[in-house]
Amino acid sequence: MKPRISLFISLLLILTSCKNEPREPLSDVTDKVSNHTILYHNGTIVTMEGPAGSTVEAVVTEGDKIVYTGDLEAAKNNYPNPSDFDLKGNTMFPGLIEQHLHPFLGALTLSVPVIAPEDWELPDKTWPAAKDHDAYIEALKTEITKHKNPEITFFTWGYNNFFHGKINKKDLDAISTEVPIGVWHRSAHEFFVNTPFLEKYNISIEDVEKASAMAQAQINLDEGHFFENGAIMYLLPKIVSDLATPERMRFGIKQMAKMLHGNGVTAYNEPGAFVNEEAAAIYREVLGSPETPMYSYFIYEGNTNYTKYGDETLEHLDEMYSLFPDSGKLTFFRKQVKFLADGAIISQLMQMKDGYLDGHEGAWMLEPELLEKGTKLFWDAGYQLHIHVNGDEGLQVVLNTIERRMKENPRKDHRTVIIHFANSTPEQVKKLADLGCIVSANPYYVTGFSEKFSEIGLGPKRAEAMVRLKEVEDLGVSFSLHSDLPMAPSDPLYLAWCAVTRISNGSGKAIKPEMGASLHGALKAITIDAAFSWQKENELGSIKAGKTANFTIMKQNPYTFGAEKLKDIEISGTVFEGRHFPLGKAKKDHDKHLAGGWNVVEIDKDIKDIVTFVLGEMNTTSKLNRILSSKKQVVKGLNYEVIFQLDNNEIWKAKVHRDLNGNLVLLDRVSQN
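What you see is a predicted model; the values in this text were computed from it and never measured. (Residues numbered from 1 in each chain as written. Predicted model: local features only at pLDDT ≥ 70, side-chain atom pairs only at ≥ 80, totals over all residues. Heavy atoms only, no water.)

Caption draft 1: Structural context of the pairing of strand E16 (residues 265–271). Of all seven residues making up E16, seven are buried, and the element is well covered by its neighbours. With three bridges joining them, strand E8 (residues 96–98) and E16 adopt parallel strand pairing. When the bridges of E16 are listed, Leu 96 appears paired with Val 265. Across five bridges, E16 lies against strand E17 (residues 295–301) in parallel orientation. Across the sheet, Glu 270 pairs through a bridge with Phe 298, a residue of E17. Assessed by its sense of winding, the connection that carries the chain from E16 through helix H11 (residues 277–286) to E17 is right-handed. (Buried < 20%, exposed > 50% of the residue type's maximum accessible area, 1.4 Å probe, protein only. Helix = DSSP H or I, 4+ residues; strand = E, 2+ residues; numbered from the N terminus. Pairing = 2+ DSSP bridges. Right-handed = clockwise from strand over helix to strand, strands pointing away.)

So, in structure tokens, the structure goes:
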């Protein structure tokens, strides 16, 4: 699924993809990793070193390292007889970095039926959106009819109560009293289940009472609802062997790796990794394969481990670290830890200072007193902290905690990472800057949820001000971007587009575009500043002698192609540790079901109005018989494509743009289909 660099210059601004002349395939001289010398040239080589958009004529690599960047003539003189990598006019960027995703969650959520408010396009399948309650229930029933074995639990992911309305155990029992049903919330922090599910896993009041107080408080058996600690600490261990079957995990991890490569990713990180030996074996097999062209990094999870081991947690680190090699393409970052403060934004369980419009309350993933103790333990041991926080009240607790750490035990360059950074105030941004924190933001929160949260829960003032990256950037705070897959599409250039334009995938409007990141800031956030957040800036994130030879090769240069078309840039392939991994065909196919791509939509009043407008523009006396199909594309405004039949049986196709003021204009001549 997909989805500002300035205010609107004119009333009508239509984004169109550049049509590039076909290019010859790139030279492939790096099929096997070796120490031979390779010269990259004849393209735009953006280094992400120095001023915005800085380029060099040539890059030379030896084995997996960059040894030279600079003039082509000097490269040829200093490195005679290299293998030649002709870029053929393409752009070479530092290898793109996905700062934060979850392979376990991504593999599982995207290997079960996806029924979500937005369409999800995977490498081999597209799951169409269910926009409301009726559409969700209908899609759920359809998928369950395909589920032939009632002994096997049916899992689905993507349900979001703010779009799909409420469901509970009674609703799911009405669908099936035989098949155990587990509905996994779009946030991945909640489950809704039916009676057969509870019976299969022996879940009862008596059993729940054995759980921790935190988990008990976040379980409602009458509703069949498990959320936050009730889902993660209590329910997940009971169902993980059925949810995370080896077959499902292997399929999902392979699919994820394929998707990441297609989006130009050469390194990613999972903060707060949940990994057991069975999952680790699959990770080593798939992600550790020489044919998987990316680094898979992991960070120790603090919440459950500190809750379990308390002040002895540091003595248990090797239980997790030993699952992967000490270094290489699949490893844990040492001396880094992740904590989760408040609840998920997609569930609106973040802790907000002024609460919610409907009166519901947020939740803590880790109570503030435990966050205080856990962070102190790891801080005093010299660890870099990564802290998940979504609400402004949650952020205040986190910042006050870091302030105490700094007063008790001052540390230079601690780089505490504020993860997600959904809701904040200008005062909090100033405080995090003063404390030496950095930010890893999810810009999709604005694109995917701002408009809905303006209606429900937060109201426009708070919902439209989410992810205030302009203020972060103006204060000189380093920031990176992440998808938190499966919370958003794992596509760095798309995330950069979200961060800069703040265009909603609902109306197509830019939501407070003045709060967006600059183009240069957003591109740093998926390269050098992402590496900085991992303490890897001396190895990754820019093209510089001495760094790893990881590159992403694109058809267009992000600096000249335009901020509003970042999502449309085509990926040709990647170079990982000096070895070229081309794509079968240039990515991206932006006829995707994402913001920025064409999305099949229901024939509703808006579509009927579009067709009525088209008929008014046509020189015909024929009447409309029926509308056959409709698509929508989110740009600045909305593009529509409609195919319809007249009463004389002629079939016509039209494309129409609706600007932000509601005005309609034909994009092309109406054509007979």
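Caption draft 2: Spatial organisation of helix H9 (residues 229–243). Helix length check: H9 (15 residues) gives 18 Å between terminal C-alpha atoms against 21 Å at 1.5 Å per residue, more than 12% under. If you look at H9, its biggest bend is around 65°, right at Leu 236, and the proline Pro 237 turns up within four residues after that. Looking at H9, one finds that the buried residues are Asn 229, Gly 230, Ala 231, Ile 232, Tyr 234, Leu 235, Leu 236, Ile 239 and Leu 243. (Expected span 1.5 Å × (residues − 1). Bend = angle between axes of the 7 residues up to and from the residue.)

Caption draft 3: Structural detail: the nonpolar core. Counting residues in each nonpolar core, the largest one holds 160 residues, and the members touching the most others are Ile 203, Phe 226, Met 249, Tyr 283 and Leu 481. In terms of residue count, helix H20 (residues 492–501) provides more of this core than any other element does, eight residues in total. Not counting residues within four places of it along the chain, the set of residues in contact with Tyr 283 comprises Pro 103, Phe 104, Met 249, Ile 253, Val 275, Gly 288, Phe 298, Phe 324 and Leu 330. Core analysis: the second largest hydrophobic core is formed by 15 residues, Ala 130, Ala 135, Phe 154 and Val 183 among them. (Core = buried A, V, L, I, M, F, W, Y, C linked by side-chain atoms within 4.5 Å. Contact = heavy atoms within 4.5 Å.)

Caption draft 4: Summary view of the environment of Gln 336. Locating Gln 336 in the fold gives a position in strand E18 (residues 330–340). Judged by its relative accessible area of 3%, Gln 336 falls in the buried class. Put simply, Gln 336 and Asn 550 are 214 residues apart on the chain and 24 Å apart in space, counted from C-alpha to C-alpha. Beyond its immediate stretch of four places on either side in the chain, Gln 336 contacts Ile 299, Tyr 300, Tyr 321, Tyr 383, Gln 384, His 386, Ser 533, Trp 534 and Gln 535.

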